[in-house]
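One-letter residues, chain by chain:
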Amino acid sequence: MAARNWIFAVAVFLSLSTFSSAQDLQIVNAERRIDLSSHIVKAFLTLKVENIGKDPAADMLLAFPPTQIKNLAMVQALAVMGKKKKKNYLPLDVKPSEQPDAPNDAGYFLVSFATPLGPGETVTLEVLYILTHSLEPFPVEITQSESQLVYYRDSAVVLSPYRIKQQTTFFKTPSTRVESFTSVEPANRAGKEIKYGAYEDRVPYSYAPVIVHFENNSPFAVVEELVREIEISHWGSLQITENYRLTHGGARHKGVFSRVEYQSRRSISGSSSFNALLAVLPPRVNSVYYRDDIGNISTSHLRTGFKKSELEFEPRYPLFGGWKATFIIGYRVPLEDYLFEAPDGRRYLNFTFGCPLVETIVNKLTLKVVLPEGSKDPSAVLPFAVNQDLQVKYSYLDIVGRTVVVLQKDNVVPTHNVPFQVYYTFKPIYMLAEPLMLVSAFFFVFVTSLAYVHIDLNIVKK
Amino acid sequence: MATLESPPPGTSSSAMRNAFGTVLSALILLLIGVLAFSIRLFSVIKYESVIHEFDPYFNYRVTQFLSKNGIYEFWNWFDDRTWYPLGRVIGGTVYPGLTLTAGTIWWALNAINIPLSVETVCIHCVWAAAEAYSAPSIVLTSQSRDGLHVFDDFRESYAWLSHNTDVDDKVASWWDYGYQTTAMANRTVIVDNNTWNNTHIATVGTAMSSPEKAAWEIFNSLDVKYVLVVFGGLIGYPSDDINKFLWMVRIGGGVFPHIKEADYLRDGNYRIDSEATPTMLNCLMYKLSYYRFVETDGKGYDRVRRTEIGKKNFKLTHFEEVFTSHHWMVRIYKLKPQKNRIRGRAKKLKLKTSSGLDSKAAKKNPWI
C-alpha cells in the first residue's frame, strides 16, 4: 500500500524532471544480488542497458536513496564484453554526481561508458556497491546468551532514473533464521535466500521499501579510528606503525558477563562476540609487534609467506556489543619492495592503502607517509578521493624535520586496499647529513679532550 | 735568549704510559658500566620491557604527569583519582628524586628530537627501585608441554576497565592494586599502596569482611561502582585476596569493633572449606571470589588452599559480575542500583498497620 503511494508520488515528480539522458536509456533487465552475510553489505547489480534515443549516450546515472548514499563506501562498474565463455570485464569510470531536481534527495553516481552507446545498442554492466553501517541491530541490547538480530532496509525494486522492463532482487542471509521480511508480491524465501521478483515494467524512480529482520552473528568489527604511519628510511626499511581503536558495532551487551558460561558453553554464549582478528601483512615482514598502552599483548600468531603474511591476534578480552579495545601493530618491510624511481627522476613509494584487518569497517582512516629529511615536492596519487594534507614531524637526529603526507578518508572497507603512490624528489647528498652529524659530534668530543689535555691553564708557571 | 731545552730523557715514555693508563682505566670503567647495565637488561630482552611490581607504577604515573604538565603543576598537584573521597597531595608528599631524574632525561632527549616514551625512560630509572623479581609480578609465566604459557590477567582487566567503564567510575579493591589501577586502568580508587590513612583502609577491609548488604552500604557511601578482587584458586596463584584476607579482618577489626577475628577462625585457622565459620562463608570476599566457581570443575576445588570450597552454590543479591579475566585471576563486580519501591513484606506491614511508627520501621529496608 505504502509502496503504491510512493510510486504515485514519484510519478508526479517525474513529470517535472528535466533530465535529457533519463528519457533516452532504458534498462531491459536488472538483476540484483545483495549479500547480507557480514556487516559489510555487498550488492552486485547486473544491468542490461539499451539506448532508445536518437543520439549516442556517453554515460548513465545510478541512483541511490538518501539513507544509502551516506553509507556507500564504494561503487564500481564493469562493462561486460564478449559472450558466454569469452567474457571479459572492462573497468568503467564512476564518479559521484550532483543532479538538479533530484526527487526526495536521491544521490547519483555517473558511470561513463568505454565507448558511447549508439542508438538501438545495448550494453551489459556489472555494478558493485558496498554499504557500511546498514545493518541495524534490533533488539538494540542483548544478553550474553542471546543471538544478534538485525534490520536491513532497502527497496524491492531497483531505484533508477530509467524505466526498468524486468528486474529481480535476491537477498542472501548468513543463516536460515529470518524473523520477518516485508512482502511485495511476488516475494518468497528459500533457505538463506529471499527472492523479490520478477517485477515487470516499472517506471523511473519506482521504490518499494522493504525491511528484512534476520539473524547475523558475524563479527561486527568496526575500527573507529585508525592512524597508520609509514616511515621511509633510505637506510633500507619501511617502518609501519598502526594505532587502532576497535569497537564491536553490533547489538549492545547488557547485564552480566559470565566467564564460566563463556568458556563452557561457547556455541550459545556470546555468539555475536568475537575475540580473534586477522591482519594481512606484506610478505617479507619482520620485527612485528602487537601491544597497547600498557604493554605487550602476547596472544598473537604470525605466519609469514611468499605472497602475504598473516597475523592472527586476539585483543586482551573478547569484544561484546559496545565494548572497545585499543592496540598498536607495528612491523618493518624491506625498502626495495616498495620504493622505486620514476622515469622523470623522482622517487615514489608504491604501497597498499586501507586497513590490513579483514572484514572490518574503518570509520576514520588517517594514513601518514613520513618522507626522509630533505625531501621536496611531495604528491600522492590515488584511484579514489581522499583528503590530503602536509605536516612536519621531528624524529631522530632531525634538524629541519621530515615532511609528512597525510591522507584521510572516512568509511573505508577492505575493497579500498589498492596500491597508491607518493612521489617526492630527494637529492642523494642529503643521505650524508646524518652520518656527518654523528661523525662531527664524536670529532668535536675528541678534539675537545685533546685540547683540554694539552692546554696549560695554570695561572702561575710551575 | 734561552734555548729550548730538549725534555729530559724518560719523561716522554712516562707521559705515554700515563696517557695509556688513563685511556685504559676509562675504557675499563666504561666496560664495567656496560656489563652492569646489560645484566639488568637481560629480563627485559627475555620477556618484555614492562614495569613490574606495584610501587614503580606510582613513579611512572607521576613522571607521566610531570612530562605532560610541567614542573609547576607537578609541585601543586592534588590527585583526586585516589583515596576517594579524600584525595592525596602528591606535590607535598612525594620523594621527587626518581621522578625528576626520569622527567629530566625524557625532556633532554625530546629536546634533541629523540622520541622516547616516558615509559621507556622510567624502566631504566625504576631499575634502581625494583631490585629483584618477586611475586607479585604483573605478567606471570609458566612452562608447560606446549611452551611458555603467559598469564596476563592483570593487564587484561586493567585494559577492560579503562575502555569499558566511565571515566569517573570508582573502583574499590584491596590497597595492593591501587597504584596499578590508577596508572593502567586510569580509574579513581579508594585506597592505594601509599597506605597513609589507616581508617580508610579499615573501611575497605570491613566492607570485604561484611555480608553482602552491609558491604553494599559501605561501598555505596563511598560512591563505588566496581569492586575488584584477585582470585588465584583456579590456576594456583598464591598471592590472592583470600590469602590476604586475614589483614582485611585485622585492620578492619582494629578500627570497627563489630568485626571480630574469632568469628572467622575455626580452631585458630582461616578456613574456606566445609569447616569454615558461617561468618566467613557469608562475607563479601568469599562470595566475590567463589561466585559460580563450582561450575568450572563441578566440585569447586581451590588450587591454592588445596580443598573444595564450603559454600558452592549461591546467588549474589547486591552485586553483579561484569568481568572475569581469562584465568579467573581478576574478578570485577558492579554494585547493583538500589530499588525504588518498597515491596513485599514491608508493604504488607504498611497496609496492616496505620500507625506512623510501624511505617517508619518498614521504610528503612529497601531491599525486601
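Residues numbered from 1 in each chain as written. Chains lettered and ligands numbered in written order. Predicted model: local features only at pLDDT ≥ 70, side-chain atom pairs only at ≥ 80, totals over all residues. Heavy atoms only, no water.

The next thing to look at is the nonpolar core. Grouped together as the largest cluster of nonpolar side chains are 141 residues, with contacts concentrated most on F219 and F319 of chain B. In contact with F319 of chain B, other than residues within four places in its own chain, are E212, W216, F219, V227, L284, L288, Y333, K334, L335 and K336 of chain B. Counting 56 residues, the second-largest nonpolar core is a separate cluster that includes F64, L92, V178 and F214 of chain A. (Core = buried A, V, L, I, M, F, W, Y, C linked by side-chain atoms within 4.5 Å. Buried < 20%, exposed > 50% of the residue type's maximum accessible area, 1.4 Å probe, protein only. Contact = heavy atoms within 4.5 Å.)

Now for the interface of chain B and chain A. Contact with chain B, which involves 27 residues of that partner, is made by 27 residues of chain A. When chain B packs against chain A, close to 2400 Å² is buried across both sides, 51% of that on carbon and sulfur atoms. Linking chain B with chain A are three salt bridges, by the criterion used here. At the junction of chain B and chain A, the tally comes to 17 residue pairs in polar contact (both at pLDDT 80 or more). (Buried area = accessible area lost by both parts, 1.4 Å probe. Salt bridge = Lys/Arg side-chain N within 4 Å of Asp/Glu carboxyl O. Polar contact = N/O pair within 3.5 Å; in protein donor to acceptor, adjacent residues only side chain to side chain.)

Attention now goes to helix α9 (residues 198-209) of chain B. All names here are of chain B. Here α9 contains 12 residues, and its C-alpha end-to-end distance of 16 Å stays within 8% of the 16 Å for a straight helix at 1.5 Å per residue. Burial analysis of α9 places 10 of its 12 residues in the buried class, which makes it a mostly covered element. Those residues of α9 that fall on the buried side of the exposure criterion are H200, I201, A202, T203, V204, G205, T206, A207, M208 and S209. The inward-facing, buried residues of α9 contact α10 (212-221), β7 (224-230), α11 (245-255) and α13 (284-290). Where α9 begins, the side chain of N197 points an oxygen toward the backbone nitrogen of T199, at a separation of 3.2 Å. (Helix = DSSP H or I, 4+ residues; strand = E, 2+ residues; numbered from the N terminus. Expected span 1.5 Å × (residues − 1).)

We now examine the UniProt feature "domain: STT3/PglB/AglB core" (unreviewed entry) in chain B. UniProt feature "domain: STT3/PglB/AglB core" (unreviewed entry): in the numbering of this structure it lies at residues 168-227 of chain B. The span residues 168-227 of chain B shows a helical share of 50% and a strand share of 15%, and its end C-alpha atoms are spaced 14 Å apart. (UniProt positions renumbered as here; feature names shortened; annotations may be inferred.)

All names here are of chain B. Turning to its location among the elements, R81 is positioned in the loop between β1 (78-79) and β2 (88-89). A relative accessible area of 15% places R81 in the buried class. Sequence-wise, R81 and T182 are 101 residues apart; in three dimensions their C-alpha atoms are separated by 7.1 Å. Each residue touching R81, except ones within four places of it in the same chain, is listed here: R61, V167, D168, T182, N186, R187, T188 and V189. A polar side-chain atom of R81 sits 3.2 Å from the main-chain carbonyl oxygen of V167.

A few words now on the domain arrangement of chain A. All names here are of chain A. Each assigned domain of chain A is listed here: domain 1 (25-215) and domain 2 (221-433). With centres defined by C-alpha atoms, the gap from domain 1 to domain 2 works out at 32 Å. Tallying the contact residues gives 23 residues for domain 1 and 28 residues for domain 2. Together, the buried faces of domain 1 and domain 2 total about 2000 Å²; carbon and sulfur atoms form 53% of this surface. Counting every contact that joins domain 1 to domain 2 gives one salt bridge. Residue K42 pairs with E359 through a salt bridge whose shortest N-O separation is 3.8 Å. Put simply, domain 1 and domain 2 have 12 residue pairs in polar contact (both at pLDDT 80 or more) between them. (Domains from an automatic or database assignment.)

Attention now moves to the packing of α9 of chain B against α11 of chain B. Residues and elements named next belong to chain B. Interhelical geometry of α9 versus α11 gives an angle of 120° and a closest axis separation of 7 Å. Accordingly, the angle class assigned to the pair α9 and α11 is oblique. When you trace α9 past α11, the crossing you get is left-handed. Across from N198, T199, I201, A202, G205, T206, M208 and S209 in α9, the residues of α11 making contact are F245, M248, V249, I251, G252 and V255. Along the lines of polarity and charge, the residues of the contact of α9 with α11 split into eight nonpolar, six polar and no charged. (Axes fitted to C-alpha atoms, helices over the stretch in contact; angles between N-to-C directions. Parallel < 35°, antiparallel > 145°, perpendicular 65-115°, else oblique. Left-handed = near helix turned anticlockwise from the far one by under 90°. Nonpolar A, V, L, I, M, F, W, Y, C, P; charged D, E, K, R; others polar.)

Pairing between sheet strands relies on hydrogen bonds along the backbone, with the strands arranged either parallel or antiparallel. All names here are of chain B. Pairing is mixed in the open sheet, where five strands are placed in the order β6-β5-β7-β13-β12. The outermost strands of the open sheet, each flanked by one partner alone, are β6 (188-189) and β12 (319-324). Bridge count for β12 against strand β13 (residues 330-335) is five bridges, and the pairing is antiparallel. Of the residues in β13, the one forming a bridge with E320 is K334. Sitting on the sheet, helix α7 (residues 153-164) is in contact with β5 (170-172), β7, β12 and β13, with an inclination near 25° to β13. (Pairing = 2+ DSSP bridges.)

Next up on the list: unusual backbone geometry. Note that the residue after G197 of chain A, namely A198 of chain A, is joined by a cis bond; omega there is -5°. Following the sequence through the fold, A198 of chain A ends up in strand β14 (residues 193-202). Following Y84 of chain B, the chain continues to P85 of chain B via a peptide bond in cis, the omega torsion being 0°. Along the chain, P85 of chain B turns up in the loop between β1 and β2. Here the phi dihedral of D101 of chain A falls at roughly 60°; this positive angle occurs in a residue that is not glycine. For D101 of chain A, the location among the structural elements is in the loop between β5 (88-97) and β6 (107-117). Non-glycine residue E359 of chain A carries a positive phi angle of around 50°.

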